[in-house]
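One-letter residues, chain by chain:
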Amino acid sequence: EAEVAQSPRYKITEKSQAVAFWCDPISGHATLYWYRQILGQGPELLVQFQDESVVDDSQLPKDRFSAERLKGVDSTLKIQPAELGDSAMYLCASSPYRDKISTDTQYFGPGTRLTVL
Amino acid sequence: DQQVKQNSPSLSVQEGRISILNCDYTNSMFDYFLWYKKYPAEGPTFLISISSIKDKNEDGRFTVFLNKSAKHLSLHIVPSQPGDSAVYFCAASERETSGSRLTFGEGTQLTVNP
């Protein structure tokens, strides 16, 4: 069964350092999402890609966060510099969604657990 | 502004009994609702969904009920099994206006005791 791959699974860094997370969606999925989940809360959308284009980054803290999906396949989420409050689970999801009226399900990867010291 | 709320952080039930997980929302533009299940150290897994044109959707042991007038949905698991122990997230989207963007609730930890 196809899965969304993420790496690393765990990352510990010191504040002010740069970190990067990688996501490989299910093959053929046009839409890719990055979510942040703080302990005790639900996932919150950071950025959504349709192929290589950003379609929603309204909740992305753009002063320190950046995301790219250059070839419309895999994606990288970067934080620079990391802050203590960035400690969370970073989840990647994908869906074959192309049309606005869609019942396509989002499939999640295992996530990257970030700890900022 | 928490548009999707799951007011019960945890729920404990006996194996074989019914589990009822509740979710309330405030945004009347939401037209599609989903439930995800999450085990520790794994990403959320899609469980079941319902469109706002329906009031019930059933898939095996899982049934989701939607009450649009009350802006409330619930997930019923019958019979509950120990393997159902996980965190359950309610999510909603405005497909007609915002496409596939999901807004999640805080989650409810379900524990099914043998």
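The rules we used
Position numbers for residues count from 1 along each chain, tracking the sequence in the order it is written. Chains carry letters from A onward and ligands carry numbers from 1 onward, assigned in written order. For this predicted model, a pLDDT threshold of at least 70 governs which residues receive local features, and a threshold of 80 or more governs which side-chain atom pairs are given and counted, while totals over whole chains, interfaces and linings are taken from all residues. Neither water nor hydrogens contribute to the side-chain values; these are computed over all heavy atoms in the structure. Put simply, DSSP H or I for four residues or longer makes a helix, DSSP E for two residues or longer makes a strand, and each gets a number counted from the N terminus. Computation of the radius of gyration draws on C-alpha atoms, with the globule rule given as 2.2 Å multiplied by the number of residues to the power 0.38. Any residue under 20% of the maximum accessible area for its type is buried, any over 50% is exposed, and the rest in between are partly exposed; the area is computed with a 1.4 Å probe on protein chains only. Here a residue-residue contact requires only that any non-hydrogen atoms of the pair lie within 4.5 Å. Here the open area of atoms and residues is found with the Shrake-Rupley method and a 1.4 Å probe, where only the protein chains shown may cover a residue. For each structure, a 1 Å grid was placed over the protein atoms alone; sets of points admitting a 1.4 Å probe that cannot get out are labelled cavities, open sets with protein on both sides within 12 Å along at least five of seven lines are labelled pockets, and lining residues have an atom within 4 Å of a point. Grid points are joined across faces, edges and corners, and a volume is the space filled by probe spheres set on the points. Only Asp, Glu, Lys and Arg are considered charged, only Ala, Val, Leu, Ile, Met, Phe, Trp, Tyr, Cys and Pro nonpolar, and every remaining residue, Gly among them, polar. The criterion for strand pairing is that DSSP finds at least two bridges linking the strands in question. Buried area: the accessible area, evaluated with a 1.4 Å probe, that two parts lose upon being put together, summed over both parts. By salt bridge we mean one thing: a side-chain nitrogen of Lys or Arg within 4 Å of a carboxyl oxygen of Asp or Glu. Only the contacting stretch of a helix is used when fitting its axis, a line to C-alpha atoms as for every element, and angles between N-to-C directions run 0 to 180 degrees.

Draft legend 1. Quick look at the overall build of chain A. A tally of regular secondary structure across chain A gives zero helices and eleven strands. For chain A, the sequential pattern of α-helices and β-strands runs β-β-β-β-β-β-β-β-β-β-β. Relative to a compact globule of 117 residues, whose C-alpha radius of gyration would be 13 Å, chain A shows 14 Å and is just as compact. Reported as C-alpha extents along the three principal axes, the dimensions of chain A are approximately 40 × 30 × 25 Å. For chain A, the residues scored as buried account for 46% of the 117 residues in total. Considering only residue pairs separated by 6 or more positions, chain A has 54% of its internal contacts joining residues 24 or more positions apart. Carbon and sulfur atoms form 48% of the exposed surface of chain A, whose accessible area is close to 5800 Å².

Draft legend 2. Representation of the layout of surface pockets in the model. Of the voids in this model, the largest pocket is the one considered here, and its volume is about 470 Å³. Elements that contribute at least two residues to the lining of the largest pocket include exactly β5 (44–50) of chain A together with β10 (103–104) of chain B. Looking at side-chain class alone, the lining of the largest pocket contains seven nonpolar, ten polar and six charged residues.

Draft legend 3. Expanded view of unusual backbone geometry. Cis geometry marks the peptide bond from S7 of chain A to P8 of chain A; its omega dihedral reads -10°. Cis geometry marks the peptide bond from V78 of chain B to P79 of chain B; its omega dihedral reads -10°. Its place among the elements puts P79 of chain B in the loop between β8 (72–77) and β9 (86–93). The backbone of S16 of chain A sits at a positive phi, close to 80°, despite the residue not being glycine. Note that S16 of chain A resides in the loop between β2 (10–13) and β3 (19–24). The backbone of A41 of chain B sits at a positive phi, close to 65°, despite the residue not being glycine. Residue position: A41 of chain B is located in the loop between β4 (32–38) and β5 (45–51).

Draft legend 4. Representation of the sheet that holds strand β7 (residues 62–67) of chain B. All names here are of chain B. Taking strand neighbours across the sheet as the criterion, the five strands line up as β1-β3-β8-β7-β6 in an open arrangement whose pairing is antiparallel. A single partner strand is all that each edge strand has here, and the edge strands are β1 (4–5) and β6 (56–59). Across six bridges, the pairing between strand β3 (residues 19–25) and β8 is antiparallel. By the bridge assignment for β8, S19 is matched with I77.

Draft legend 5. Examining the interface of chain A and chain B more closely. Facing 25 residues of chain A, the contacting portion of chain B comprises 19 residues. Summed over both partners, the interface of chain A with chain B comes to about 1800 Å²; 53% of that surface belongs to carbon and sulfur atoms. Counting across the interface, chain A meets chain B through one salt bridge. Among the ionic pairs, D56 of chain A bridges to R101 of chain B, the shortest N-O distance being 2.6 Å.

Draft legend 6. Quick look at the side chain of T63 of chain B. Here T63 of chain B lies in strand β7. T63 of chain B has contacts with I48, K56, N57, E58, S74, L75 and H76 of chain B, leaving out every residue within four places of it along the chain.

Draft legend 7. Structural detail: the sheet that holds β3 of chain A. Residue and element names in this part refer to chain A. The strand order β1-β3-β8-β7 describes an open sheet built from four strands, whose pairing is antiparallel. Two strands lie at the open edges of the sheet, namely β1 (5–7) and β7 (65–68), each paired on one side alone. Geometrically, the sheet is characterised by an average inter-axis angle of 15° between neighbouring strands, direction not taken into account. When β1 meets β3, the two strands line up antiparallel, connected through three bridges. Paired with S7 across the bridge in β3 is W22.

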